[in-house]
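Topology and contacts: notes
Each chain, letter by letter, is given below.
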Amino acid sequence: MKISTRGRYGIRLMIDLAEHSHEPHVALASIAERQNISARYLEQVAVILRRAGYIRSVKGASGGYTLARDPAEIVIGDALRILEGDMLVVDDLRPGERENRIQHCIRATVYNRLNERVSSVVDRITLASMLGTVDPEESYMYFI
Amino acid sequence: MRISTRGRYSLEALLYLALLPEGAFASTRAISENTGISDGYLEQLFIPLKKAGIIRGIRGAQGGYLPGRPIAEITVGDILRAVEGSLEPVACLTRGTCPAEAKCITRHTWAQLYREISDCVDSITLVDLVESYEKQDEENYAI
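With that settled, the discussion passes to the overall build of chain B. Counting secondary structure elements, chain B contains 6 helices and 2 strands. Element order for chain B, N to C, with α for helix and β for strand: α-α-α-β-β-α-α-α. With the C-alpha coordinates aligned to their principal axes, the bounding extent of chain B is approximately 55 × 35 × 25 Å. Within the span of chain B, comprising 143 residues, buried residues form 37% of the whole. Of the contacts made within chain B by residues no fewer than 6 positions apart, 65% connect residues no fewer than 24 positions apart.

If you want it as structure tokens, here you go:
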């Protein structure tokens, strides 16, 4: 049950852009270096985010990217769904696909509930709220 | 963010065993016939599940498997962890695995997500699943 690298890197890309929003635009190469992510991989992630309207590209010799929206309006759940395809713990039933009673029961009792809980977390976090969360003391609490 | 086939099949097999009368056991063949999961796959899944004490084997020609402890004490989280390993949504949550953890901005979000996932799966026991199975509309879901 993992978030893919695409999802994680996409969020880090937007965080980096938000942190450098005082600059007119940021070159992907400098994000790649700061974030220690391959520039080629980051380019693929940037294409997805640009198409979805999260970031804007600035053309030219000193071109790069900038956030296309206010960080307060970027809901992490939405961005993750774009990057990951969805945020579901199991595939949805295909039209006409049938489940036996056991599978149906587990879907209703476990998977649907898990999907709701996952959404409830990622849909209440925005890029802006994430930017205020560096607190090593607090993160200690969860991983003793 | 998918639960693996191993995880899904384990939950199905365990719910089947939990539905048996107390103390009764079932052969992998019977479990296979009732869940549609192949014998071979069940045997594979049962190795870690046995090791974790979630199921118990009865030896012999008439042997089989049954829940390893009272089903009120077996959670969905126990089952998933036994076959999937960690339920962390990212591999870098465990302390000391990432050199950037102290200044990582995303870590807190993944930690919240992990806590929510853990809370959820640890709060559902096999008894809850059995109850919800018995309540569900029988007409549409013939095995």
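This brings us to the overall build of chain A. The helix and strand inventory of chain A stands at 7 helices and 2 strands. Each principal axis of the C-alpha atoms in chain A carries an extent, and together these give about 60 × 40 × 25 Å. At a minimum sequence separation of 6, the contacts of chain A that also span at least 24 residues come to 65%.

Here we come to helix α2 (residues 28–35) of chain B. Here α2 of chain B has its buried residues at T28, I31 and T35 of chain B. All buried residues of α2 of chain B lie within an arc of 60° about the axis, which places them on one face of the element. If you follow the buried residues of α2 of chain B, they end up packed against α5 (101–122) of chain A together with α1 (5–19) and α3 (39–51) of chain B. Following α2 of chain B by one or two positions, G36 of chain B adopts a phi angle in the positive range, close to 85°.

We now examine the packing of helix α2 (residues 28–35) of chain A against helix α3 (residues 39–51) of chain A. All names here are of chain A. Packing of α2 against α3 leaves a shortest axis separation of 9 Å and a crossing angle of 115°. Once α2 is placed against α3, the crossing between them reads as right-handed. On α3, the residues touching L28, A29, I31 and A32 of α2 are A39, L42, E43 and A46.

On to the interface of chain A and chain B. In this complex, chain A contributes 37 residues to the contact, which on the side of chain B involves 40 residues. Considering every element that reaches the side of chain A that touches chain B, the biggest residue donor is α5 of chain A, with 15 residues.

Looking now at the pairing of strand β2 (residues 64–67) of chain B. For a regular strand, side chains alternate in direction, first toward one face of the sheet and then toward the other. Residues and elements named next belong to chain B. In this structure, strand β1 (residues 55–58) lies alongside β2, joined through 4 bridges in antiparallel fashion. Paired with I55 across the strands is P67, a residue of β2. Hairpin connection of β1 to β2: 5 residues between the antiparallel strands, including G60 at a positive phi of 110°.

With that settled, the discussion passes to unusual backbone geometry. Here the phi dihedral of N36 of chain A falls at roughly 60°; this positive angle occurs in a residue that is not glycine. Among the secondary structure elements, N36 of chain A is positioned in the loop between α2 and α3.

Moving on, we come to the pairing of strand β2 (residues 64–67) of chain A. As judged from the 4 bridges shared by strand β1 (residues 55–58) of chain A and β2 of chain A, these two strands associate in the antiparallel manner. Directly across from R56 of chain A, in β2 of chain A, lies its bridge partner T66 of chain A.

This part covers the confidence of the model for chain B. Taken residue by residue, chain B gives an average pLDDT of 93. The fraction at 70 or more is 95%. Predicted complex metrics record ipTM = 0.93 and pTM = 0.90.

Residue and element names in this part refer to chain A. Summarising the element assignment, Y111 is placed in helix α5. The exposure class assigned to Y111 is partly exposed, which follows from the 19 C-beta atoms found within 10 Å. Spatially, the C-alpha atoms of Y111 and D70 are 33 Å apart, while their sequence positions differ by 41 residues. Not counting chain neighbours up to four residues away, the residues in contact with Y111 comprise V89, V90 and I106.

Further remarks concern the environment of N100 of chain A. Note that N100 of chain A resides in the loop between α4 (76–84) and α5. Taking C-alpha positions, N100 of chain A is 45 Å from S38 of chain A, a pair spaced 62 residues apart along the chain.

Another point: the environment of K103 of chain B. Residue and element names in this part refer to chain B. With respect to the helices and strands, K103 occurs in the loop between α4 (76–84) and α5 (107–122). Judged by C-beta crowding, with 9 C-beta atoms within 10 Å, K103 ranks as exposed. In this structure the C-alpha to C-alpha distance between K103 and V130, which are 27 residues apart in sequence, comes to 45 Å.

For the rest of this paragraph, the subject is the confidence of the model for chain A. All names here are of chain A. Averaged over every residue, the pLDDT of chain A is 91; the share at 70 or more is 92%. Here helix α7 (residues 136–142) stands out as the least confident element of chain A, with mean pLDDT 47; α4 is the most confident, with 98. The low-confidence segment residues 138–144, where pLDDT is below 50, has 8 contacts with residues more than four positions distant or belonging to other chains.

What counts, and where the lines are drawn
Residues numbered from 1 in each chain as written. Chains lettered and ligands numbered in written order. Predicted model: local features only at pLDDT ≥ 70, side-chain atom pairs only at ≥ 80, totals over all residues. Helix = DSSP H or I, 4+ residues; strand = E, 2+ residues; numbered from the N terminus. Buried ≥ 20, exposed ≤ 12 C-beta atoms within 10 Å, placed from the backbone. Contact = placed C-beta atoms within 7 Å. Arc of directions from axis to C-beta. Axes fitted to C-alpha atoms, helices over the stretch in contact; angles between N-to-C directions. Left-handed = near helix turned anticlockwise from the far one by under 90°. Pairing = 2+ DSSP bridges. pLDDT = per-residue confidence, 0-100.

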